[in-house]
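# Examination of the molecular architecture
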Amino acid sequence: MTRQTKVLAIVMNDGVEQDELLVPVRHLRDDGVEVDIAAPERDDIRTLVRDKEPGETVRPTLTLDEIDPADYDLLLIPGGTLNADSLRMRQEAVDTVLAFTTSGRPVAAICHGPWLLAEAGVAYGKRLTSFPSLRTDLANAGATWADEPLVTDDANGWRLVTSRNPDDLEHFLRGIDTALRRGVAAVGSR
């Protein structure tokens, strides 16, 4: 029996970039993908628009310490400066990234989200993009940074999908869709 495709988004309860979380989540759900949003607390997630203005609030479906990474086909890491800077300091988030990458499942990170990849030590040898201010951090973590709207990389046995900012969301969604199709085809039915 084939199970439904599942995506996990991990964020902090404050400071995630609204469109980098909600646009992919709504897109995936509209395509029939089950999406869970995990945050440190069960309290509402308060998003921001362009790191400044208050955005929508979202209810997480689980907490970071309730995650079983094996349940998911793709990991989504939205940006937002405050979100990404705090998320990379959460061991549960680092462990989740490691669970995905060591098992060969795809990770999609946008804007400041790739900071978590550097923290987890998995950016090494990858070609990626991000918000431009992360360029040096990612290069110091062993990645090759590119100023492109979408960069996908299959080095080190797992697919990484990255984009620079909310203006690249159309490209980012295309990269996520491709990664999910490839992943589901490779795994087959579970």
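Procedures and definitions
- Residues numbered from 1 in each chain as written.
- Predicted model: local features only at pLDDT ≥ 70, side-chain atom pairs only at ≥ 80, totals over all residues.
- Heavy atoms only, no water.
- Pairing = 2+ DSSP bridges.
- Helix = DSSP H or I, 4+ residues; strand = E, 2+ residues; numbered from the N terminus.
- Expected span 1.5 Å × (residues − 1).
- Buried < 20%, exposed > 50% of the residue type's maximum accessible area, 1.4 Å probe, protein only.
- Contact = heavy atoms within 4.5 Å.

## Some points on the sheet that holds strand β12 (residues 160-163)
Strand order in the open sheet made by the seven strands is β6-β3-β1-β7-β8-β12-β11, with mixed pairing throughout. Every interior strand has two partners, whereas the edge strands, β6 (62-63) and β11 (151-153), have only one. For strand β3 (residues 34-39) and β6, the ladder comprises two bridges, and the chain directions are parallel. Paired with A39 across the bridge in β6 is T63.

## A look at helix α1 (residues 18-30)
Here α1 contains 13 residues, and its C-alpha end-to-end distance of 18 Å stays within 8% of the 18 Å for a straight helix at 1.5 Å per residue. Those residues of α1 lying buried are Q18, E20, L21, L22, P24, V25 and L28. Following α1 by one or two positions, G32 has its phi on the positive side, about 85 degrees.

## Here's the deal with the environment of L150
Structurally, L150 can be placed in the loop between β10 (144-145) and β11. Once the C-alpha coordinates of L150 and L128 are considered, the two residues, 22 residues apart in sequence, prove to be 8.3 Å apart. Sequence-distant contacts of L150, that is, excluding residues within four places in its chain, are made with V161, T162, S163, H171, F172, R174 and G175.

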